[in-house]
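These are the residues of each chain, in order.
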Amino acid sequence: MRAVDLIEKKKQGIEHTKEEINFLINGYMNGSIEDYQMSAWLMAVCFQGLSDSETAYLTQSFVDSGEVLDFSDIAVHVADKHSTGGVGDKVTLVLAPILASLGVYTAKLSGRGLGFTGGTIDKLESIPNFRCELSKDEFLNQIKNVHVAISSQSPNLTPADGKIYALRDVTATVDNKSLICASVVSKKIASGATSIVLDVKFGSGAFLKTKEEARELAELMIKTGKLLNKKIDVVISSMEQPLGYNIGNSLEVIESIEFLKGFYGEDLYDVTLALLTKTLINCGLAYDMSDAKKMMDEAIKNGSALNKFKEIIIAQGGNPDVINNYSLFEIGKNKIEIKALEGGYISKLSALDVAYCAKLLGAGRDKKSDSIDFGAGVILKKKVSDSINQGDVVMELYFNDVNQNKLDEAVTIARNSFKVSKIKVEKPVLIF
Ligand code: URA
C-alpha cells in the first residue's frame, strides 16, 4: 500500500477499507507518512467526505493509537461530556461539580482554546496554581477520592487525534463532519466513561454554521458510537450569541462560581440542565428533566456543588480562596465600555465577533505555542432580545498590554458585533 494511492483514491471519492484507514493513521504516527501527505488526504476528505463505515474505522484507529482508561473498579457509571467548541461555553466548569455533588463520578478530559473557541483547561489555569496536567494515576485517584477530575488530554490517549487535529487546524480541514466526529468520539471512547453526552454547537461561534449541519453531525456521532458499541447522547445547541455573560478565562471562571452560588443567566442554566438531564438518566438517577432540575437546584441551593468545585481546586493544587475573593484572579487593568448609539432591542450579538474581540485583547491564541492573558476578555451587559436605551453599555472590554492597532481593531469589531432593532425581538431558541 502507498499513501499516494490512497490520496488518489479519496480524491476520486472511492471508499477506503478498514486496512487502508489503519495504514494511513499508523503510517502517520510512525513517521512513514509525512505531514504533506496527510494534509492532502485530509483535504480530499473535506471535498469527497467519508462514509459512515470509514468514519467508524477512523474513529477506532484514533482510539487504537493510544491507551483506553478503565474505571470498572471505581464505579459502575462514570460520566463525561464534550462540546464541539464555542464562545463563553463554561458548561464543564459548572456541570462537573454539580454531577459529582449528586454522586456521579465524573472524568473530564478537556482541551485548550484554539482559533476562536475557548478551552476549559485555559480557563481553569486562570485559578492561581491550578494544575491540569494530571498523570493517569493522579486522574484515577482523584476520581476515586473526590469523584471528579478535570485534566488536560493525556498524550497517551488518542495521540493520532492530537497530531491530526494540530494539522487540521493549520490546513483549513477542521470543519468536516466525519473528521470532527472521529476526533471527538475517539477521545470519549478512550476516556473510558460509561455515559457520554455531547453538546453539538452550531452558529456564528461554532465550527458548524447551521442547525442542519449540527443535526447531521449529531446523527453521525450517534451512529459511529453504535458501530463501535458505545451509546452516545447528543444535545444540539445554538452558538449564535455567546453562552452566558463573560468571555475570557478568569472572567468565565468567575461567572461559573457565581452560577454555583445561585446567580446565573438563563442560557447557561438551560444548556447545563439539558446535559445534566441526559447524564442523570444514563446513570439511573433521574427519570426526566423535571427530576434533574430539582436535583440541580438543590445542589446549588445547599452549597454542595460549590463545595465540590472547591474540592476540585484543592485536589488540583489551586487556591480555593478565589471562590470568595475574585481579586485573586488576574483581571485586565484597563476597561473600555461599548455603548449603544440608539435605543430599542438587541436583535443580534455575534458570538464570532465577540470571540475575535476577546482574542485580540489577549484571551486567545493563534498558535498552540502562543501565551494568553488570563485577565483579558469581554463582559456582556445585554443579550439578544434585551431592551436597551441609547448610551447604555452593551459590553465591557478588559485588557492589559495590547498594542494600539489590535486594540482599535477589537473596539471596531465589538461595536459591529451587535445590532439594535426598534421592534421587540423574541429570545432565540437555544436547545434543539
Ligand atoms: N473538538 C474536537 O475535539 N475535535 C474537533 O475536531 C472539533 C472540536
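Heads up: the structure comes first, above all this text.
Residues numbered from 1 in each chain as written. Predicted model: local features only at pLDDT ≥ 70, side-chain atom pairs only at ≥ 80, totals over all residues. Heavy atoms only, no water.

A. Spotlight on the site of the ligand. Close contacts around the ligand come from H82, T84, Y165, R168, I180, S183, V184, K187 and F207, and that covers them all. A distance of 2.9 Å separates an oxygen atom of the ligand from a polar atom in the side chain of R168. Interatomic distance of 2.6 Å between a side-chain N/O atom of S183 and a nitrogen atom of the ligand. Its free accessible area being 240 Å², the ligand has 91% of it covered by the protein chains. Broken down by element, the shell around the ligand gets its largest block of residues, four residues, from helix α9 (residues 177-190). (Near = heavy atom within 4 Å. Polar contact = N/O pair within 3.5 Å; in protein donor to acceptor, adjacent residues only side chain to side chain. Areas by Shrake-Rupley, 256 points an atom, 1.4 Å probe, with all protein chains shown as cover. Helix = DSSP H or I, 4+ residues; strand = E, 2+ residues; numbered from the N terminus.)

B. Just the packing of aromatic side chains, in detail. Taken as a whole and judged by the stated rule, the model has four aromatic pairs. In this structure, K187 packs its charged tip against the face of Y165, placed 5.8 Å from the ring centre. In this structure, K383 packs its charged tip against the face of Y245, placed 5.4 Å from the ring centre. (Phe/Tyr/Trp six-rings, centres within 6.5 Å; stacked < 30°, edge-to-face > 60°. Lys NZ or Arg CZ within 6 Å of the ring centre and 35° of its normal.)

C. How the structure looks around the nonpolar core. Counting residues in each nonpolar core, the largest one holds 84 residues, and the members touching the most others are F309, V378 and M395. Filtering out sequence-adjacent residues up to four positions away, F309 remains in contact with L93, P97, L124, I127, V253, I257, L260 and I323. The next biggest cluster of nonpolar side chains, apart from the first, holds 22 residues, and it includes L198, L208, A214 and I236. (Core = buried A, V, L, I, M, F, W, Y, C linked by side-chain atoms within 4.5 Å. Buried < 20%, exposed > 50% of the residue type's maximum accessible area, 1.4 Å probe, protein only. Contact = heavy atoms within 4.5 Å.)

D. Broad picture of the pairing of strand β4 (residues 195-202). A large share of β4 lies buried, amounting to eight of its eight residues. Residues S195, V197, D199 and K201 of β4 are buried on one face, and the alternating residues I196, L198, V200 and F202, pointing to the opposite face, are buried as well. Of the pairings in the sheet, the one linking β4 to strand β5 (residues 232-238) comprises seven bridges and is parallel in character. Bridging across to β5, K201 finds its partner in S237. The handedness of the β4 to β5 crossover, carried by helix α10 (residues 211-227), is right-handed. (Pairing = 2+ DSSP bridges. Right-handed = clockwise from strand over helix to strand, strands pointing away.)

E. Representation of the pairing of strand β1 (residues 78-83) within the structure. Of all six residues that make up β1, six are buried, and the element is covered over most of its length. Neither face of β1 is left uncovered, since the one carrying V78, D80 and H82 and the one carrying A79, K81 and S83 both have all their residues buried. Sheet analysis places β1 next to strand β2 (residues 105-110), joined by two bridges and oriented parallel. Following the sheet pairing, V78 is matched in β2 by Y105.

F. The pattern of salt bridges, seen in detail. Within the structure shown, the criterion is met by 24 salt bridges. Across the pair K90 and E255 runs a salt bridge whose closest N-O atoms are separated by 2.8 Å. Of this pair, K90 sits in the loop between β1 and α5 (91-101) while E255 sits in helix α11 (residues 249-260); the two residues are 165 residues apart in sequence, bridging distant segments of the chain. We note a salt bridge from E133 to R112, for which the minimum N-O separation is 3.6 Å. Taken together, the residues E133 in the loop between α6 (120-124) and α7 (136-146) and R112 in the loop between β2 and α6 connect sequence positions 21 residues apart. Judged by its relative accessible area of 56%, E133 is exposed. When its relative accessible area of 36% is taken as the criterion, R112 is described as partly exposed. Connected through shared salt-bridge partners, R112, D122, E125, E133 and R365 make up one network. (Salt bridge = Lys/Arg side-chain N within 4 Å of Asp/Glu carboxyl O.)

By themselves, these are just geometric observations and shouldn't be taken as functional.
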